[in-house]
Amino acid sequence: LTSGGLDAGDVSITARDITLIRGGAIRSQTQDGGDAGAIAVSGFDRLLVSRGLADVETAIESEVAAGARGDAGRVLIRGRDLRLIDGGSIISATFGEGDAGAVEVDVATILATRTGHHSVRRGRASDRSRVTVHVFQRTPASKANRSAQH
C-alpha cells in the first residue's frame, strides 16, 4: 500500500500450498499518484481463494483506489490446482485515473464456484488490460475448461 505519489511494490510469492480465506489477500495498492505493483503467484500445487461468509473481499489483486492517478499492475497466477470459492477473486483494477493491468491465469486445473471469479478486470480497460486464462484440465464442477483471451 502506498500514497504520496509513490509506486506500490511488486509482490512475488512461490509456495506449494497457498490458502487465502475470509478476507485474506495478496495485494499491491496505491491510493494517490503512483502505480500499483505487479503480482505473481507461482509454483503452487494448490491455491485456494475463498471469501466464505466474510463481509470483506478475499482476493489476489493489484488496485488503484478511487480518486488515485496511476495504473494497476499485471497479475500472474501460474501453478497446478486453482480453486476460487464463494467470491474468491483475482483482480487488476483501477477506480481512479489510469488503466487496469493484464490478468493471466495459467493452471493445470481450475474450480470456480458460481460466485468465484477465475479472472476479473474492473475499472477502466486499455490495450494492456487483457485477461488470459489457460487451463490444462478442468475439474468436474469447473466451468472454466478453456483457453480464453479478451
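Above this text is the structure in question.
Residues numbered from 1 in each chain as written. Predicted model: local features only at pLDDT ≥ 70, side-chain atom pairs only at ≥ 80, totals over all residues. Heavy atoms only, no water.

1. Regarding the overall build of the chain
Inclusion rule: The numbering of helices and of strands both runs from the N terminus, where a helix is a DSSP run of H or I of at least 4 residues and a strand a run of E of at least 2. Exposure categories follow from relative accessible area, calculated using a 1.4 Å probe and restricted to protein chains: below 20% of the type maximum is buried, above 50% is exposed, and the middle band is partly exposed. The criterion used for residue contact is that any of the two residues' heavy atoms lie within 4.5 Å.
Broken down by element type, the chain carries 0 helices and 11 strands. Reading the chain from its N terminus to its C terminus gives the helix and strand order β-β-β-β-β-β-β-β-β-β-β. Across the 150 residues that make up the chain, the buried fraction comes to 47%. Taking contacts inside the chain between residues at least 6 apart in sequence as the whole, the part at least 24 apart equals 76%.

2. Remarks on the side chain of Ser 28
The cut-off we apply is this: Each polar contact in these results corresponds to two N or O atoms within 3.5 Å; when the atoms are within protein, one needs to be able to donate a hydrogen and the other to accept it, and residues that are neighboring in sequence are counted only if both atoms are side-chain atoms.
Mapped onto the elements, Ser 28 comes out in strand β3 (residues 25-30). A residue is classified by how much of its surface remains accessible, and Ser 28, at 2% relative accessible area, is buried. Within the local environment of Ser 28, its side chain forms a polar contact with the backbone oxygen of Gly 9, the two atoms lying 2.8 Å apart. With residues up to four places along the chain from it excluded, the contact list for Ser 28 reads Ala 8, Gly 9, Val 11, Ala 36, Gly 37, Ile 39, Glu 61, Ser 62 and Glu 63.

3. Details of the pairing of strand β8 (residues 103-112)
Here is the rule: Pairs of strands are assigned from DSSP output, requiring at least two bridges between the strands.
Within β8, 7 of the 10 residues are buried, which leaves it mostly tucked inside the rest of the structure. Across 9 bridges, the pairing between strand β6 (residues 75-85) and β8 is parallel. Counted as the bridge partner of Asp 81 is Thr 109 from β8.

4. Some remarks on the nonpolar core
Formally: In this text, buried Ala, Val, Leu, Ile, Met, Phe, Trp, Tyr and Cys residues form a nonpolar core when linked through side-chain atoms within 4.5 Å.
Judged by nonpolar contacts, the single largest core of 19 residues is most densely connected at Val 41, Leu 47, Ile 60, Ile 77, Leu 82 and Ile 90. When contributions to this core are tallied by element, the ones reaching two or more residues are β2 (17-21), β4 (39-50), β6 and β8. Dropping the residues within four chain positions of it, Ile 77 is found in contact with Val 41, Phe 44, Leu 47, Ile 60, Ile 90, Glu 104, Val 105 and Asp 106.

5. Side note on the pattern of salt bridges
Side chains that carry opposite charge are capable of pairing whenever their charged atoms lie near each other. For clarity, the threshold we go by: Just to be clear on terms, a salt bridge is a Lys or Arg side-chain nitrogen sitting within 4 Å of an Asp or Glu carboxyl oxygen.
Applying the stated criterion across every chain, the model contains 6 salt bridges. Note that Arg 78 is salt-bridged to Asp 106, the shortest N-O span being 3.6 Å. Taken together, the positions of Arg 78 in strand β6 and Asp 106 in strand β8 put the pair 28 residues apart, joining distant regions of the chain. Arg 78 sits in the partly exposed class, given a relative accessible area of 40%. For Asp 81, the salt bridge identified is with Arg 83, shortest N-O distance 2.9 Å. Each of Arg 27, Glu 57 and Glu 61 takes part in salt bridges that share partners, so that together they form one network.

6. Structural notes on unusual backbone geometry
Most peptide bonds adopt trans geometry, and most residues besides glycine take a negative phi value. We note that Arg 22 has phi near 45°; this positive angle belongs to a residue other than glycine. Following the sequence through the fold, Arg 22 ends up in the loop between β2 and β3. Arg 22 sits in the exposed class, given a relative accessible area of 61%. One non-glycine residue with positive phi stands out, namely Asp 86, at about 50°. For Asp 86, the location among the structural elements is in the loop between β6 and β7 (89-94).

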